[in-house]
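Tertiary structure, described
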Amino acid sequence: MRRTAGILKDSQLASRVELSAFLEGVEKRAFKQAVYALRTDEAALDAVQDAMLKLSVSYGDRPAAEFPMLFQRILQNVIYDALRRQKVRNTWTTLLSSFVSEDEDEADALDILTVDSDAADTPHGQFERARTLAAIEREVARLPARQREAFLMRYWEEMDISETAAAMGCSEGSVKTHCSRATQTLAAALKAKGIVP
Amino acid sequence: MNEQEFARKVAAHLSASARELDDGVVERLRAARERALAVQRPARGLSRFFGGRVGLRVRLPAALRPLAVSVAILAVVVVGDYWATWARVMTLQEVDTALLIDDLPIDAYLDAEFKAWVQQESRS
């Protein structure tokens, strides 16, 4: 009896370790994904925290292999909820929304960038690299939401097409289409700015 | 460069960017992770070996769920009908009791002339 209890406790502990490892591995990328969609660090942190809690409370006992798909699905739902709330808030705070768009326009004027890997260690190189990363992130953030989700899940989270389709609640064909369009849009946008990733 | 190669290079840049998060953000993510782990849904005994949610599924297999819903609806209809019948019987019982204990004989209510007389009396 004691042995059975020990085995069960071990299995639970293993699951906790697996969940911890999964969350630790995914949290920074999840935060970035949320930032691309929600535009602010605060909202993104809230979204990631919500998604982590929901995964842990509702699906913490699931096999670790299911965590990526479940977490992405939860995260996207949390992000959509946050966007809906932002939309309602922005309706009442038009001043704030106009300020945000002005800020984005200013950033666009700086976008004549190239990647120079040889000079990456110099202060100038590091500065250029940071600007390049910022430009790439800005273009990713500008993608339509579904294209961005598909692109990030497939190529950043390295989920396969069926997992991505399950997480997005669409067909595998739609995932391929979204990914292809996202890649083409990104390639065109970065090329126009002289950036070769 | 094909599409996949390009996409993976972009993803590598995004990973580099994610590694350079502020310490404050990293700390808050760590705190959020620990909060999430503290409320992790526990694996419940043997249910873990059946992939979770075994309790509900054993008690109510998917194939039986429509039947259970039908039984529940039928039970609601039967109970509703019983209640309606009981309420009607109680009302009739009250009327019968009132008639039986009244000084006026029951035959008086069946007499058309008596009814006409009551109406006439009420008018005058």
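Residues numbered from 1 in each chain as written. Chains lettered and ligands numbered in written order. Predicted model: local features only at pLDDT ≥ 70, side-chain atom pairs only at ≥ 80, totals over all residues.

A few points about the overall build of chain B
Put simply, the rule reads: Numbering of helices and strands runs from the N terminus; a helix is a DSSP stretch of H or I covering at least four residues, while a strand is a stretch of E covering at least two. Partly exposed residues are those whose C-beta has more than 12 but fewer than 20 other C-beta atoms within 10 Å; with 20 or more the residue is buried, with 12 or fewer it is exposed, and the C-beta atoms are placed from the backbone.
Secondary structure summary: chain B contains 6 helices and 0 strands in total. The linear arrangement of helices and strands in chain B, starting from the amino end, is α-α-α-α-α-α. Out of the 124 residues belonging to chain B, those deemed buried represent 10%.

Thoughts on the nonpolar core
Residue and element names in this part refer to chain A. Rules: Note on terminology: a nonpolar core is any set of buried Ala, Val, Leu, Ile, Met, Phe, Trp, Tyr and Cys residues joined through C-beta atoms within 7 Å. Domain delimitation in this document rests on an assignment produced automatically or drawn from a domain database. Contact between two residues is assigned when their C-beta atoms, built from the backbone, lie within 7 Å.
Judged by nonpolar contacts, the single largest core of 52 residues is most densely connected at Ala34, Ala47, Val48 and Ala51. The greatest single-element share of this core, amounting to 10 residues, is contributed by helix H1 (residues 2-38). Residues lining this core come from more than one domain, with at least three contributed by each of domain 1 (1-99) and domain 2 (110-197). If sequence neighbours within four positions are ignored, Ala51 has contacts with Ala30, Phe71, Ile74, Leu75 and Val78.

So, the environment of Gly173 of chain A
Residue and element names in this part refer to chain A. Topologically, Gly173 is positioned in helix H8 (residues 172-192). Exposure remark for Gly173: the 10 C-beta atoms within 10 Å place this residue in the exposed category. A C-alpha to C-alpha distance of 8.8 Å links Gly173 and Ile161, two positions 12 residues apart in sequence.

With respect to helix H2 (residues 23-38) of chain B
Residue and element names in this part refer to chain B. The condition that has to hold: In this analysis, the expected span of each helix is defined as 1.5 Å times one less than the number of residues it contains. When we speak of the arc, we mean the arc of directions from the helix axis to the C-beta atoms.
The end-to-end C-alpha distance of H2, which contains 16 residues, comes to 23 Å, matching closely the 22 Å that a straight helix rising 1.5 Å per residue would cover. Along H2, the residues classified as buried are Arg28, Leu29, Ala32, Arg33 and Ala36. All buried residues of H2 project into a common sector of 145° when viewed along the axis, lining one side. Along H2, the residues that are exposed and aim more than 90 degrees away from the buried face are Asp23, Gly24, Glu27, Ala31, Glu34 and Ala38.

Overview of the interface of chain B and chain A
How large an interface is tends to be reported as the accessible area lost when its parts come together. So the rule is basically this: Think of it as three bins: nonpolar holds Ala, Val, Leu, Ile, Met, Phe, Trp, Tyr, Cys and Pro, charged holds Asp, Glu, Lys and Arg, and polar takes everything else, Gly as well.
Listed by partner, the interface residues are 29 residues for chain B and 40 residues for chain A. Within the residue set of the side of chain B that touches chain A, elements represented by two or more residues are helix H1 (3-19) and H2 of chain B. The element contributing the most residues to the side of chain B that touches chain A is H1 of chain B, with 12 residues. Residue composition of the side of chain B that touches chain A, grouped by class: 16 nonpolar, 5 polar and 8 charged.

Side note on the confidence of the model for chain A
Residue and element names in this part refer to chain A. The criterion, for reference: Per-residue confidence from the predictor is given as pLDDT, running between 0 and 100.
Scored by pLDDT, chain A comes out at a mean of 81, with 78% of its residues at no less than 70. Looking across chain A, the model is least confident in helix H4 (residues 94-108), with a mean pLDDT of 50, and most confident in helix H6 (residues 145-156), with 94. Across residues 102-117 the pLDDT falls below 50, and counting only partners more than four positions away or on other chains, this stretch makes 18 contacts in the model.

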